Structures are given as structure tokens and as C-alpha cells.
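One letter stands for each residue in the lines below.
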Amino acid sequence: GFFQSYAVEVDIKDASNATCLYAEWMMRFLIKYETNSSDYKIAALNLTSSVTHNGSVCGNDTQAALVAVQFGEGHSWSVNFTKTNETYQADFITFTYNTNDTAVFPDAKRKGPVTIVVKDTMHPVRLNNVFVCHNTDFLEAENVTQVFWNVTLQPFVQNGTISKKESRCRADIPTSTPTVPPTTANVTTASTTTLSPAPTTAPKPVENPDTGNYSLKSGNKTCLLATVGLQLNVSQDKPLLININPKTTSADGTCGNKTATLKLNDGNSTLIGF
């Protein structure tokens, strides 16, 4: 129930009424803002059921493609795409939220629209390939956490037909299990693991995980505290149990009066998020 939001579908047509850009995704925003009493809160901004896509552009060899959506009380989001002879990639994401929306920001000290621009981390994708990423991705900048999941998109569509070829994000690609017992260093969020052939002797049972203390601070005060032992159970032909090692795991995230996000990282990637 954490990610409650509407899916967005944008199908842009060219002058001949053929699809030139297609995108479908889900997203949510966590925004830290100052209140009239000079403290800070975290607002959760979800997409509404009515989303427009005014200003979206097909793009071509000399002009960037653009997906632009508008929703709620004066909020908007856009991302532009450029291409080479062989690939395309997202460049910048522009997000504008309006603190005059009292349903989301009931006691905001600053009134009016606020715009942030952030570089997209998407890797180049081959032309005539659909980019797909079902796993959750976080993008943080300027007191805003942008959350994306269930993404399917293809700019610069050829001949008006969405490609059948998929390019998956790294988080969606299964990884192979090494022959040595896995550690937190080779586990990523929502990755699936292929087991090596079963050994001839019974494997050693996995012990209970060590208890870790994870905390977040707001200023000089602790705003979130979790004392917990964590074990991942990867479902497959033979279950794989992996303990989270608190000695190599750090905490990150945001917290407010009504909403908090805790992310546990092993230094290379997010292991799990609450």
C-alpha cells in the first residue's frame, strides 16, 4: 500500500497519426518542505486519475523528444530524449510542484511553483528497442525523492509500430550465483538468482541474521530508528536465504511527520527499502 498511484500512458502521434513516442509508467514524489512554524514535513505527491500530456514532442535527428505531463493542482513532470545513429537516452528530468496545492502542502511557508532539474541516470538504449524496468528506481535531488516503477517507453518509434525488442534495466536482469556462499555485496534489490547445481553434501543451514541498528537524522535529531535482523528469502526451485550483514550495511532515506523512507545499502546498491 505504500506506492498508491495511477499509471501514466502517453502515446504521441506524428503528422500522419502514427505513433512516434510511447511511454507508460508509475511514479510518486516525496517532497521535504518548510511549514509556517519553520519545521519541516515530507509531503507525498501521487499522480491523479486525470493526467494531460500537453507539450510532448516526437523528436527527430535534430530535435529532442519530450514527454511532458501535467497533473493535480499545478504540478508537472517532463523528460527529454536525444538519439545518436544507434541509441537513445534520457537527458534531463524537470519536475515542478506547486505548494499552493493545500491538499498536499496544507501549511507550506513558501507559496507557488518550485522547479527542479536533475540529470537522468538512464543508460543508452538501442534504437527500435523498448526500455522496460519493473523494479523501483529512486532519484533524489533538492529535497525531492522521485520514485518510478513499471516503466515501459520508446521514443523515436519507427514506422509507427512499438518494437517487440526489449532492453531491460539492470535491476530487472537476473544475476548468476557464484560458487561460494553469497554475501550482501552481490545482492541487489529485486534481483533473482540462478542456483548452481546442488552439492553432493547437504548445505550448512543459514544462521539467524545479526541484529543491526539503523537510524536517520533530521538536523541533529534522530527521526527514524530501526533495530532489526534481516534475512532475504529468494524464491526459486530451491529457496536461497541470505542474511543482511549490519557491519557492511548503511542507512539512508528521508523522514517527516507523516511519511518516512528507510533504504539500506551495502555500498554498491540498495538492498531493501521500507
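Quick summary incoming for the structure in this document. Every chain is numbered on its own, with residues counted from 1 as its sequence reads. A pLDDT threshold of at least 70 governs which residues receive local features in this predicted model, and a stricter bar of 80 or more applies before side-chain atom pairs are shown or counted, although totals over entire chains, interfaces and linings include all residues. Calculated side-chain values reflect all of the structure's heavy atoms, with hydrogen atoms and water omitted.

Side note on the packing of aromatic side chains
Move 1: We call Phe, Tyr and Trp rings a pair once their centres come within 6.5 Å, taking the six-membered ring for Trp, and we label the pair stacked below 30 degrees between planes, edge-to-face above 60, and tilted otherwise. In total, this model carries seven aromatic pairs according to the counting rule given.
Move 2: A ring pair is formed by Trp-25 and Trp-77, whose centres lie 5.4 Å apart and whose planes are at 40°; its orientation type is tilted. Separated by 52 residues along the polypeptide, Trp-25 in strand β2 (residues 19–34) and Trp-77 in strand β6 (residues 75–83) bring together distant segments of the chain. Comparing Trp-25 with Trp-77 shows no difference in burial state: the two are buried.
Move 3: For the ring pair Tyr-33 and Phe-105, a centre distance of 5.1 Å and an interplane angle of 90° mean the geometry is edge-to-face. Here Phe-105 lies in the loop between β7 (87–98) and β8 (113–119) and Tyr-33 lies in strand β2, a separation of 72 residues in the sequence.
Move 4: Any residue under 20% of the maximum accessible area for its type is buried, any over 50% is exposed, and the rest in between are partly exposed; the area is computed with a 1.4 Å probe on protein chains only. Look at Phe-105 and you get buried, because its relative accessible area is 0%.
Move 5: Grouped by ring-pair contacts, the aromatic residues Phe-29, Tyr-33, Phe-71, Phe-95, Tyr-97 and Phe-105 constitute a single cluster.
Move 6: By the criterion adopted, a ring carries a charge over it if an Arg CZ or a Lys NZ lies within 6 Å of its centre and within 35 degrees of its normal. Lying across the ring of Phe-92, Lys-119 places its NZ or CZ 5.0 Å from the centre.
Move 7: We note Lys-263 situated over the ring of Phe-138; from NZ or CZ to the ring centre the distance is 4.7 Å. In this description a helix means any DSSP run of H or I spanning at least four residues, a strand means any run of E spanning at least two, and both kinds are numbered starting from the N terminus.

Structural notes on empty space enclosed by the protein
Move 1: Both site types are read off a 1 Å grid over the protein atoms alone. A 1.4 Å probe that fits but cannot get out defines a cavity, while an open set with protein on both sides within 12 Å along at least five of seven lines defines a pocket; lining residues have an atom within 4 Å of a point. Grid points are joined across faces, edges and corners, and a volume is the space filled by probe spheres set on the points. One pass over the structure, following the stated rule, counts one cavity of 30 Å³ or more.
Move 2: The computed volume of the largest cavity comes to approximately 30 Å³.
Move 3: Looking at the largest cavity, the residues that line it are Leu-30, Phe-138, Glu-140, Thr-145, Gly-253, Thr-254, Thr-261 and Lys-263.
Move 4: Within the residue set of the lining of the largest cavity, elements represented by two or more residues are β11 (137–141), β20 (250–255) and β21 (260–265).
Move 5: Residue type decides the class: Asp, Glu, Lys and Arg count as charged, Ala, Val, Leu, Ile, Met, Phe, Trp, Tyr, Cys and Pro as nonpolar, and the leftover types, Gly among them, as polar. Grouping the amino acids of the lining of the largest cavity by side-chain chemistry returns two nonpolar, four polar and two charged.
Move 6: The domain limits used here are those given by an automatic or database domain assignment. In terms of domain composition, the lining of the largest cavity takes at least three residues from each of domain 1 (7–172) and domain 2 (211–273).

Some points on the pairing of β21
Move 1: In terms of residue burial, β21 counts as a mostly covered element, since five of its six residues are buried.
Move 2: Bridge count for β20 against β21 is six bridges, and the pairing is antiparallel. Within β21, the position partnered with Ala-251 by the bridge is Leu-264.
Move 3: Following DSSP output, two strands are said to pair if at least two bridges run between them. Joining the antiparallel neighbours β20 and β21 is a turn of four residues.

Remarks on unusual backbone geometry
Move 1: The backbone of Asn-17 shows a phi angle near 65°, a positive value even though the residue is not glycine.
Move 2: In this structure, Asn-17 sits in the loop between β1 (7–13) and β2.
Move 3: Although it is not a glycine, Glu-142 sits at a positive phi angle of roughly 50°.
Move 4: Within the secondary structure, Glu-142 sits in the loop between β11 and β12 (144–154).
Move 5: We classify Glu-142 as exposed; its relative accessible area is 53%.

A short note on the pattern of salt bridges
Opposite charge on two side chains lets them pair, provided their charged atoms get close.
Move 1: For this document, the term salt bridge refers to a Lys or Arg side-chain nitrogen within 4 Å of an Asp or Glu carboxyl oxygen. Here the structure, examined in full by the defined rule, presents eight salt bridges.
Move 2: Across the pair Asp-107 and Lys-41 runs a salt bridge, and its minimum N-O distance is 2.8 Å. Of this pair, Asp-107 sits in the loop between β7 and β8 while Lys-41 sits in strand β3 (residues 40–46); the two residues are 66 residues apart in sequence, bridging distant segments of the chain.
Move 3: The partner of Arg-168 in a salt bridge is Glu-166, with the nearest N and O atoms 3.2 Å apart.
Move 4: Linked by salt bridges that have partners in common, Glu-166, Arg-168 and Asp-172 make up one network.

None of this, on its own, says anything about what the molecule does.
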